[in-house]
Amino acid sequence: LHIMVARNIGGARLLASDLIDSRLEMAKKMGAAVTINPTKEDLKERVLAETDGNGADVVIVAVPNIKAMSQAFDVEACPPRNQAGPFSGGHLTHKR
């Protein structure tokens, strides 16, 4: 759902993170350019690689989970240009 909303409001390049692969497959179908399962690869490293080292412009954490919120701060651009929250389900948007 968050990927669809971000795509419709102009998210240029959408990255999605989730622990469940079937959700990542759905995110890809909904328009995510990149999907990341942080149990299989380093989330921060991958987001920085996908954003030329800039980090995500917008981070949406859709779960009330301290670890997810902490990861969101780790991957957002400094300073972030936009902020959605306080919770984002692990969906990341990078606008150019």
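Asks: How would you explain helix H3 (residues 43-50) if you had to name every residue and give the values?
Replies: N-cap assignment for H3: the residue whose side-chain oxygen lies 3.3 Å from the backbone N of Lys44 is Asp42. Just downstream of H3, Asp52 is the residue with a positive phi angle, here 55°.

Asks: Please provide a residue-by-residue account of a nonpolar patch on the surface, values included.
Replies: A surface patch of nonpolar side chains, amounting to about 420 Å² of accessible area, comprises Leu1, Met4, Val5 and Ile9. Looking at the secondary structure, you find Met4 in helix H1 (residues 2-8).

Asks: I'd love a proper account of the nonpolar core, names of residues and values included.
Replies: The biggest cluster of nonpolar side chains holds 12 residues, and these are Leu15, Val34, Ile36, Leu43, Val47, Ala56, Val59, Val61, Ala68, Met69, Ala72 and Val75. Every element with two or more residues in this core is listed here: strand E2 (34-36), H3 and helix H4 (66-75). When residues in this core are grouped by element, the largest group, four residues, is from H4. Counting seven residues, the second largest nonpolar core, distinct from the first, contains Leu14, Ala16, Ala27 and Ala32.

Asks: Please provide a residue-by-residue account of the pairing of strand E1 (residues 13-17), values included.
Replies: Among the five residues of E1, four are classified as buried, and the element is accordingly described as predominantly covered. As defined by bridge partners, E1 adjoins E2 across three bridges and the pair is classed as parallel. The residue bridging Ser17 from the neighbouring strand is Ile36, located in E2. Read from E1 through helix H2 (residues 21-30) to E2, the crossover connection turns out right-handed.

Asks: Explain the pattern of salt bridges residue by residue, including any values.
Replies: For the coordinates displayed, the defined rule picks out five salt bridges. One salt bridge connects Glu50 with Arg13, and the closest N-O pair in it is separated by 2.7 Å. Here Arg13 lies in strand E1 and Glu50 lies in helix H3, a separation of 37 residues in the sequence. Overall, Arg13 belongs to the partly exposed group, its relative accessible area being 29%. A residue is classified by how much of its surface remains accessible, and Glu50, at 22% relative accessible area, is partly exposed. Overlapping salt bridges, with partners in common, bring together Arg13, Glu41, Arg46 and Glu50 in one network.

Procedures and definitions
- Residues numbered from 1 in each chain as written.
- Predicted model: local features only at pLDDT ≥ 70, side-chain atom pairs only at ≥ 80, totals over all residues.
- Heavy atoms only, no water.
- Polar contact = N/O pair within 3.5 Å; in protein donor to acceptor, adjacent residues only side chain to side chain.
- Helix = DSSP H or I, 4+ residues; strand = E, 2+ residues; numbered from the N terminus.
- Patch = residues over 30% accessible without salt bridge, like charges linked within 9 Å, V, L, I, M, F, W, Y side chains within 5 Å.
- Areas by Shrake-Rupley, 256 points an atom, 1.4 Å probe, with all protein chains shown as cover.
- Salt bridge = Lys/Arg side-chain N within 4 Å of Asp/Glu carboxyl O.
- Core = buried A, V, L, I, M, F, W, Y, C linked by side-chain atoms within 4.5 Å.
- Buried < 20%, exposed > 50% of the residue type's maximum accessible area, 1.4 Å probe, protein only.
- Pairing = 2+ DSSP bridges.
- Right-handed = clockwise from strand over helix to strand, strands pointing away.

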